[in-house]
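Here are the chains, one letter per residue:
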Amino acid sequence: VWWLLSLTALLLTLHDGKAEEGPVPLVIWHGMGDSCCNPLSMGAVKKMVETQIPGIYVLSLKIGNSIPEDMENSFFLNVNKQVEGVCKELAQNPALKNGYNSMGFSQGGQFLRAVAQRCPSPPMRNLISIGGQHQGVYGFPQCRGEISHICDLIRKFLNLGAYTRNIQDHLVQAEYWHDPMNEEEYRNGSIFLADINQERHVNEIYKKNLQLLEKFVMVKFFNDTMVDPPDTEWFGFYKPGQSKETIRLQDSSLYTEDRLGLKEMEKAGKLVFLGVEGNHLQFSQEWFNKNIIPFLH
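The rules behind each value
- Residues numbered from 1 in each chain as written.
- Predicted model: local features only at pLDDT ≥ 70, side-chain atom pairs only at ≥ 80, totals over all residues.
- Heavy atoms only, no water.
- Helix = DSSP H or I, 4+ residues; strand = E, 2+ residues; numbered from the N terminus.
- Buried < 20%, exposed > 50% of the residue type's maximum accessible area, 1.4 Å probe, protein only.
- Contact = heavy atoms within 4.5 Å.
- Areas by Shrake-Rupley, 256 points an atom, 1.4 Å probe, with all protein chains shown as cover.
- Salt bridge = Lys/Arg side-chain N within 4 Å of Asp/Glu carboxyl O.
- pLDDT = per-residue confidence, 0-100.
- Polar contact = N/O pair within 3.5 Å; in protein donor to acceptor, adjacent residues only side chain to side chain.
- Disulfide = S-S within 2.5 Å.

Focus on the overall build of the protein
Inference 1: Of regular secondary structure, the protein possesses 13 helices and eight strands.
Inference 2: Per-residue burial for the protein yields a buried fraction of 53% across its 297 residues.
Inference 3: Contacts in the protein between residues far apart in sequence, at least 24 positions, make up 71% of those at least 6 positions apart.
Inference 4: A total of about 14,200 Å² of accessible surface is found on the protein, and carbon and sulfur atoms cover 54% of it.

Shown next, in the form of structure tokens:
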């Protein structure tokens, strides 16, 4: 009888431990000009996830001490400093100690990839990039509303010299500006994207950490007019030396030389490419529930 009671107690303990663990937490990073808690964007996404996965802990990152500061930092706070701050925040959050999934929107996609590559603790399980620009951009989007004057200012700065140190240090979008007409200048001048994409040298730690992901999901918007080129959302980009013809990730030197481990990850079934027939970040709740929610369980 004693062994039967012991077995029952053990099973109850395991069941309780599983129940206490609950759903895998989720970390969200918003895009350019947005904020952590906008009820029409990240706030709505948070609610969608919480509705589909009851009891889930969702952390929507706020970069700064206020909503206005969060929005401003998406333009003007050095990305490396942002990533460093987020890594510290995640490491100090007890709710994430056993691991978490992450979901980045637009530039938040490549920023969370940097977190995966640089900060493996706590462990990131799945990385979901929705419209992220993993090979950078060559063209600045049209902006509307109250931030249009900021966009005009950024265009002027980029035209002055995207890879000058002062602009790289203080302009977020310059840090993932990828000029296919001047690849050498990009490799030498980019302080963020060229680093996480292993353009100057291969950091084996970055490669190892990225391969720890269970899934790396990339969502591309087929009718995207905000991101140039849209192929960057699937890690593709313009062929070097021109800005008309694009190549897929699988045809790039980054993949063939496997500098980031993406070739090995694809062979292992860890890369997932999803597409949406819409403009930038335009998707339905039905599409989200069907295609994204399964990666959050």
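Let's talk about the environment of Val217
Inference 1: Mapped onto the elements, Val217 comes out in strand β5 (residues 215-221).
Inference 2: Under the relative-accessibility criterion, Val217 is labelled buried at 0%.
Inference 3: Spatially, the C-alpha atom of Val217 lies 7.6 Å from that of Asn126, the residues being 91 residues apart in sequence.

Considering the pattern of salt bridges
Inference 1: Per the stated rule, a full pass over the model turns up nine salt bridges.
Inference 2: Of the charged contacts, one joins Arg248 and Asp251 as a salt bridge, the two residues approaching to 3.2 Å between their closest N and O atoms.
Inference 3: In the salt-bridge network here, residues are joined through shared partners; they are Glu199, Glu257 and Arg259.

Details of the confidence of the model for the protein
Segments scoring low in pLDDT should not have their predicted coordinates read at a detailed level.
Inference 1: Residues at a pLDDT of 70 or more form 90% of the protein, whose mean pLDDT is 91.
Inference 2: Taken together, the stretch residues 2-19 has pLDDT below 50 and engages in zero contacts with residues farther than four places along the chain or on a different chain.

Section: the side chain of Asn197
Inference 1: With respect to the secondary-structure elements, Asn197 resides in the loop between α9 (193-196) and α10 (204-210).
Inference 2: With a relative accessible area of 0%, Asn197 lands in the buried category.
Inference 3: Only 2.8 Å separates the side chain of Asn197 from the backbone oxygen of His134, close enough to count as a polar contact.
Inference 4: Those residues in contact with Asn197 that sit more than four places away from it in its chain are Arg113, His134, Gln135, Tyr186, Phe235, Leu254, Arg259 and Leu260.

Remarks on the state of the cysteines
Inference 1: Inspection of the entire model under this criterion finds two disulfides.
Inference 2: Across the disulfide, Cys36 is cross-linked to Cys37 (sulfur-sulfur distance 2.3 Å). Looking down the S-S bond of the Cys36 and Cys37 bridge, the torsion is -90°, so its handedness is left-handed.
Inference 3: In this structure Cys36 comes out as buried when scored by relative accessible area, which is 3%.
Inference 4: Classification of Cys37 by relative accessible area gives partly exposed; the value is 46%.
Inference 5: The disulfide partner of Cys87 is Cys119, and the S-S distance across this bridge is 2.0 Å. Taking the torsion about the sulfur-sulfur bond, which here is approximately 90°, the covalent link between Cys87 and Cys119 counts as right-handed.

Some remarks on the environment of Leu127
Inference 1: As for its placement among the helices and strands, Leu127 is situated in strand β4 (residues 124-130).
Inference 2: Residue Leu127 is classed as buried on the basis of its relative accessible area of 0%.
Inference 3: In the structure, Leu127 is positioned eleven residues away from Ala116 in sequence and 8.2 Å away in space, judged by C-alpha atoms.
Inference 4: If we ignore the near neighbours within four places in the chain, the residues touching Leu127 are Ser102, Gly109, Leu112, Arg113, Leu213, Lys215, Phe216 and Val217.

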